[in-house]
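Chain by chain, the residues:
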Amino acid sequence: MQTACHLHPSFYISDRRDILKLDGRRRLRTSNFHHLGKNLDLTRRNHQICPFLLPIQRTRWHSIVNASDGHPHPSISLSDKSPIINNAPTPEADTLFSKWCPPRYLWRGLSVLIMAGQVITRSIRGKIHWTNTLQQLERVGPKSVGVCVLTAAFVGMAFTIQFVREFTRLGLNRSVGGVLALAFSRELSPVVTSIVIAGRIGSAFAAELGTMQVSEQTDTLRVLGTDPVDYLITPRVIASCAALPFLTLLCFTVGLASSALLADSVYGISINIILDSAQRALKSWDVISAMLKSYVFGGIISIVSCSWGVTTMGGAKGVGESTTSAVVISLVGIFIADFALSYWFFQGAGDSLKNCV
């Protein structure tokens, strides 16, 4: 008895009882070849599946009768001809941008703009989760008063030391209050308050949303039919923009009061002189500009922190990196916006100190 077959792409195996033809995945019926299990490992089941990969070669099977026991003894030989390729689909050729991935900072920067547009659009349409908004407002506002007031008090006293020493030597004691009031209202109060909020609230926003992103809680909200922008991001942005102007006004008051107390107790300049000088130097636009700056800074802090949080990848390590990066980018954005707004609000020569000299 002699049997031969070619293994491409369909083949025949004959044992004089049955012939089986298969395409794709080959199934061998080995009803009479149980004694070949040690050599070919074909007898673990009654039907053996043999998948073939690309490329395959032409193989010949020879079955020769063994004179000792009367059972056929198989032998396998591989031809030296070139391999035959089957009809499986080949991978497509790489295009120009098939393997290009945009840098992370690029699509994160674009996510900030997209997030800002979504928040503005949904706020106009009234898609606001008010319960969550009030909770975030309490967190940004009253719970941040202590650290903001303490920071403003010591910053005010530090600036008072520098100004009073120099102005006293020049005999301009009556101008100290006006200079401090202008410095606090236009620059120090909004910037210092925003820095404190970026470190305390912005980092918390990025860490919370980053943890929710890596643990797939935001995907759970989508499955439940809730938009994460409406439920998570919009309340935080509204709370930051609403609370920061009032915190800035409070910090301005505390900083000016601490400066007046230090000047009166250490340098002998009366509190009444400082307050009168501040009143004559300040205008309503100075306070309004400080609150407008704080409003813009609050939007920058919340949108950047939320965008960095929802684009977090890489588990716990990614959450830490996103939190740090969110605070740094928020601070850089605050300084850039402060320069742009100051240049826009206060152009030309000023005459605020003429009334307090």
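See above for the structure.
What you see is a predicted model, and the numbers here were worked out from it, not measured in a lab. (Residues numbered from 1 in each chain as written. Predicted model: local features only at pLDDT ≥ 70, side-chain atom pairs only at ≥ 80, totals over all residues. Heavy atoms only, no water.)

**Considerations on the packing of aromatic side chains**
And then number 1: Under the counting rule described, the total for this entry stands at 6 aromatic pairs.
And then number 2: Ring centres of F159 and F163 lie 6.1 Å apart, and the angle between their planes is 35 degrees; this geometry places the pair in the tilted category. You can see F159 and its partner F163 sitting in helix α4 (residues 145-169), 4 residues apart, about one turn around the helix.
And then number 3: Assessed through its relative accessible area of 22%, F163 is described here as partly exposed.
And then number 4: An aromatic cluster is built from W285, W344, F345 and F346, whose rings are joined through pairwise contacts. (Phe/Tyr/Trp six-rings, centres within 6.5 Å; stacked < 30°, edge-to-face > 60°. Helix = DSSP H or I, 4+ residues; strand = E, 2+ residues; numbered from the N terminus. Buried < 20%, exposed > 50% of the residue type's maximum accessible area, 1.4 Å probe, protein only.)

**With respect to the packing of α4 against helix α5 (residues 176-214)**
And then number 1: Closest axis-to-axis distance for the α4/α5 pair is 10 Å, and the angle between their directions is 145 degrees. With respect to the hand of their crossing, α4 and α5 are arranged in right-handed fashion. Contact residues: α4 offers V147, C148, T151, A152, V155, G156, F159, T160, F163, V164 and F167, while α5 offers V176, V179, L180, F184, L188, V192, T193, V196, I197 and R200.
And then number 2: Its residues assigned to classes, the contact of α4 with α5 shows 16 nonpolar, 4 polar and 1 charged. (Axes fitted to C-alpha atoms, helices over the stretch in contact; angles between N-to-C directions. Left-handed = near helix turned anticlockwise from the far one by under 90°. Contact = heavy atoms within 4.5 Å. Nonpolar A, V, L, I, M, F, W, Y, C, P; charged D, E, K, R; others polar.)

**Notes on the environment of F335**
And then number 1: Along the chain, the position of F335 falls in helix α10 (residues 315-345).
And then number 2: Sequence-wise, F335 and I195 are 140 residues apart; in three dimensions their C-alpha atoms are separated by 9.7 Å.
And then number 3: In this view, F335 contacts V191 and I195; residues no more than four positions away in its chain are not counted.

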